[in-house]
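# Structural characterization, general
Each chain, letter by letter, is given below.
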Amino acid sequence: MKSWWTSEKPPVIERAEKDDLPKLAKLHAECFKQNWGTAELAAIFEQKGVFFLSARTSGVTGKADLGFVVIRSIAGEAEVLTIAVSPKHQKRGIGRKLMEAAIFQLYSDRTEALFLEVDDTNSSALRLYKNLGFKQVGERKAYYAASEGSGTALVMRCDLV
């Protein structure tokens, strides 16, 4: 993993706004074969209890979107709807920073648990989630399109209280 302090500025994690959605949809398409377009993200953005966090870098030429996470929270529980990191910026800790920021927000909101689904063949994501305290609590066969991995999703939970 490349260290931010040695060659690059750390990403800025901030709330995404509605006018960011076209760029986030493009980023999602770079990451997933079954991707969400601007319309799908806009519908999710309008839902109660949903927040989007974006990882960005600022430079002379403006901000570049590095990744984002979408969280839905209701009745003391939350779930990661999606997390995407630009393929050219992966393996730099951006996913970890996004997840830590989301967990911090949920902890501040007194959310009890955070859930997610992850493809059982995605070893990088599994390692990240386990390092953040997630534990497998279930399994969903044929959850993903077969072209994206085994198709099996592991359901994971992180207790926040």
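A brief report on the enclosed structure follows. The structure presented is a predicted model; accordingly, all values stated were derived computationally and were not measured. (Residues numbered from 1 in each chain as written. Predicted model: local features only at pLDDT ≥ 70, side-chain atom pairs only at ≥ 80, totals over all residues. Heavy atoms only, no water.)

Across its full length, the protein holds 5 helices and 7 strands. In sequence order, the secondary structure elements of the protein are arranged as α-β-α-α-β-β-β-α-β-α-β-β. Within the protein, the fraction of its 161 residues that count as buried is 40%. Intrachain contacts of the protein at a sequence separation of at least 6 include 59% that bridge at least 24 residues. Counting only carbon and sulfur atoms, one obtains 52% of the accessible surface of the protein, whose full area is about 9100 Å². (Helix = DSSP H or I, 4+ residues; strand = E, 2+ residues; numbered from the N terminus. Buried < 20%, exposed > 50% of the residue type's maximum accessible area, 1.4 Å probe, protein only. Contact = heavy atoms within 4.5 Å. Areas by Shrake-Rupley, 256 points an atom, 1.4 Å probe, with all protein chains shown as cover.)

Moving on: the side chain of Thr82. Within the secondary structure, Thr82 is located in strand β4 (residues 77-85). Residue class for Thr82 comes out buried when judged on its relative accessible area of 8%. When sequence neighbours within four positions are dropped, the list of residues in contact with Thr82 reads His28, Phe32, Trp36, Phe68, Val69 and Val70.

Even without a glycine there, the phi angle at Ala75 is positive, about 50°. Within the element layout of this structure, Ala75 appears in the loop between β3 (62-74) and β4. Accessibility expressed as a relative area gives 76% for Ala75, which makes it exposed.

Where β4 and strand β5 (residues 113-119) come together, 3 bridges link them in parallel fashion. In the strand pairing of β5, Glu77 is matched with Ala113. With helix α4 (residues 94-108) bridging β4 and the parallel β5, this β-α-β connection has right-handed handedness. (Pairing = 2+ DSSP bridges. Right-handed = clockwise from strand over helix to strand, strands pointing away.)

Glancing now at the nonpolar core. Formed by 29 residues in total, the largest nonpolar core has its most connected members in Val69, Ile71, Met99, Leu114, Tyr129 and Phe134. It is α4 that contributes the most residues to this core, 6 residues altogether. Excluding anything up to four places from it in sequence, Leu114 contacts Ile71, Ala78, Glu79, Val80, Met99, Ile103, Leu106, Phe134, Met156, Arg157, Cys158 and Leu160. Core analysis: the second largest hydrophobic core is formed by 13 residues, Ala42, Ile44, Val50 and Val70 among them. (Core = buried A, V, L, I, M, F, W, Y, C linked by side-chain atoms within 4.5 Å.)

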